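Chain by chain, the residues run as shown.
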Amino acid sequence: MSQPESDTPFKIEYAQRVNRLPPYLFGRINKMIYDKRVSGDDVIELGMGNPSDPPEDMVIEKLVEAARDPKNHRYSKNNGIANLRREVGAKYFKKYGVNVDPDDEVMVCLGSKEGFSHMCLALMGPGDTAIVPAPYFPVHVYAVALASGNVISLDVTNSDKFLSDIAYTCETLYPKPKLLILCYPHNPSSVVVEQAFFDEVVKLAKKYNLMVISDFAYADVAFDGYKPPSFLASEGAKEVGVEFTTMSKGYNMAGWRVGFCAGNRQMITALGTIKGYYDYGMFQAIQIAAIVALRNTDAAVEEQSRIYQGRRDALCDGLVRLGWEDARPKAGMFVWQPIPEPWRSKMSTMDFAMMLLEKGNVAVSPGSGFGPAGEGFLRMSLVENEERLRQAVRHIKTCLKDESVEASV
Ligand SMILES: Cc1ncc(COP(=O)(O)O)c(C=O)c1O
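Residues numbered from 1 in each chain as written. Predicted model: local features only at pLDDT ≥ 70, side-chain atom pairs only at ≥ 80, totals over all residues.

- If you look the protein up in an unreviewed UniProt entry, it shows as Glutamate-pyruvate aminotransferase AlaC from Adhaeretor mobilis.
- UniProt lists a comment for the protein under the heading Cofactor (unreviewed entry), and it reads "pyridoxal 5'-phosphate". (UniProt positions renumbered as here; feature names shortened; annotations may be inferred.)

This is the structure in structure tokens:
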């Protein structure tokens, strides 16, 4: 006998962890970029930090060769193949003088974002609090929220104050924070630090029993001789935390999804436990090609930084000529640009970004997409070539000239 049909409409009910995610602020901008492109406009995209250059030929060739090998199509090792983990250890030693044991202090992740998010899931739960730098890279907040944890965001733009705010928060918040998330070179603000900063972090972490995750996504992109330090190079860092690195930025392998976690073995074991339930490891051909990239393409990684530096100068020189503040970063893929007056007092950051897109065909990320601390700023990524960046400056100039005429009519 068939069941009578119910009158109540079927309801899809999301989990609380999805409902409590903050709203996605880039939705409006992305929709307009899409609509403009459909109608044939040439939009200059300085929004997302999505690298536009290809990886080295030898890396692609190795991927093709490895993909042709029938042995490489089975499920791979969950924590990554041993030779890749060894290569990560070798890079840490060569570049930072850091020893990590490839067997249980290194984990291969499906991009650092995956590893970071699952690490938060492994460490955080209801009632737990993480300290996050503000303005914030959205993933730093969402990953904690998805793990049912709470976030307290502290101003990252003055490093000494950031350290004293961390100490104050640990002294006064109850229950005290469990996790400190760091990101240097910072996305979006481009703030950088020296090793002494991480030495202080380790002291604080030990004093307050605060675990640390260092998101070192922009380790390989630095300018004017600046060398971003690794958190793991500070004495005692491995006792309190881990660091995530990636092949997305310096190696132009963003779509390949290759990232690494290195450091504290207990934290890495916890990540491995979570990942063991969620995935079966990375396609082996990608891991083999990643080994070739790590072993043989240092010169290309350095050249890529020079390319970003040239783009940085093309964009910042142009904006300075328009009378904007010189916000030249020392590292990373972004210019964190204060919006000049009178626009800053006249309109919201989101409206300003929408105006540049609508009238100038230049897409940038409004700072407010990185939390309230980003209001008044634009994040401009260096993924277009120098000529396109100069063109973007010309478009911005025209767009703002038209606006001031309109405003004064
Ligand atoms: C600060 C930061 N962390 C992590 C990521 C994600 O990197 P991956 O491609 O390795 O997941 C990004 C990418 O934009 C980033 O800006």
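After presenting the structure, the write-up continues.
Concerning helix H5 (residues 112–123)
Here is step 1 of the chain: The first and last C-alpha atoms of H5 sit 16 Å apart over 12 residues, in line with the 16 Å expected at 1.5 Å per residue.
Here is step 2 of the chain: When H5 is considered as a whole, its buried residues turn out to be Ser112, Lys113, Gly115, Phe116, Ser117, His118, Met119, Cys120, Leu121 and Leu123. (Helix = DSSP H or I, 4+ residues; strand = E, 2+ residues; numbered from the N terminus. Expected span 1.5 Å × (residues − 1). Buried ≥ 20, exposed ≤ 12 C-beta atoms within 10 Å, placed from the backbone.)

Brief notes about the domain arrangement of the protein
Here is step 1 of the chain: Along its sequence, the protein is carved into domain 1 (22–49 + 300–408) and domain 2 (57–296).
Here is step 2 of the chain: For domain 1 versus domain 2, the separation of C-alpha centres amounts to 28 Å.
Here is step 3 of the chain: Counting only elements with at least two residues in the side of domain 1 that touches domain 2, the list comes to helix H12 (298–321) and strand S9 (334–338).
Here is step 4 of the chain: Take the side of domain 1 that touches domain 2: its biggest share by element is six residues, from H12.
Here is step 5 of the chain: A per-class count over the side of domain 1 that touches domain 2 returns 10 nonpolar, eight polar and three charged. (Domains from an automatic or database assignment. Nonpolar A, V, L, I, M, F, W, Y, C, P; charged D, E, K, R; others polar.)

Considering the sheet that holds S9
Adjacent strands of a sheet pair through backbone hydrogen bonds, lying either parallel or antiparallel.
Here is step 1 of the chain: If you walk across this open sheet you meet the four strands as S1-S10-S11-S9, and the pairing is mixed. Of all strands in the sheet, those with a lone pairing partner are strand S1 (44–46) and S9, marking the two edges. For this sheet, the mean angle separating the axes of adjacent strands, direction not counted, is 30°. (Pairing = 2+ DSSP bridges. Axes fitted to C-alpha atoms, helices over the stretch in contact; angles between N-to-C directions.)

Quick notes on the environment of phenylalanine 137
Here is step 1 of the chain: Tracing the sequence through the fold places phenylalanine 137 in the loop between strand S3 (129–134) and helix H6 (138–146).
Here is step 2 of the chain: Taking the C-alpha atoms as reference points, phenylalanine 137 and arginine 74, separated by 63 residues in sequence, lie 35 Å from one another.
Here is step 3 of the chain: For phenylalanine 137, the residues in contact, after removing those within four places along its chain, are Cys183, Asn187, Pro188 and Phe370. (Contact = placed C-beta atoms within 7 Å.)

Observations regarding the environment of serine 368
Here is step 1 of the chain: Here serine 368 is to be found in the loop between strand S10 (362–366) and strand S11 (377–381).
Here is step 2 of the chain: The spacing of serine 368 and arginine 379 is 11 residues in sequence and 9.7 Å in space, taken between C-alpha atoms.
Here is step 3 of the chain: What serine 368 contacts, discounting residues up to four positions off in sequence, is Leu25, Ser348, Thr349, Met350, Gly374 and Glu375.

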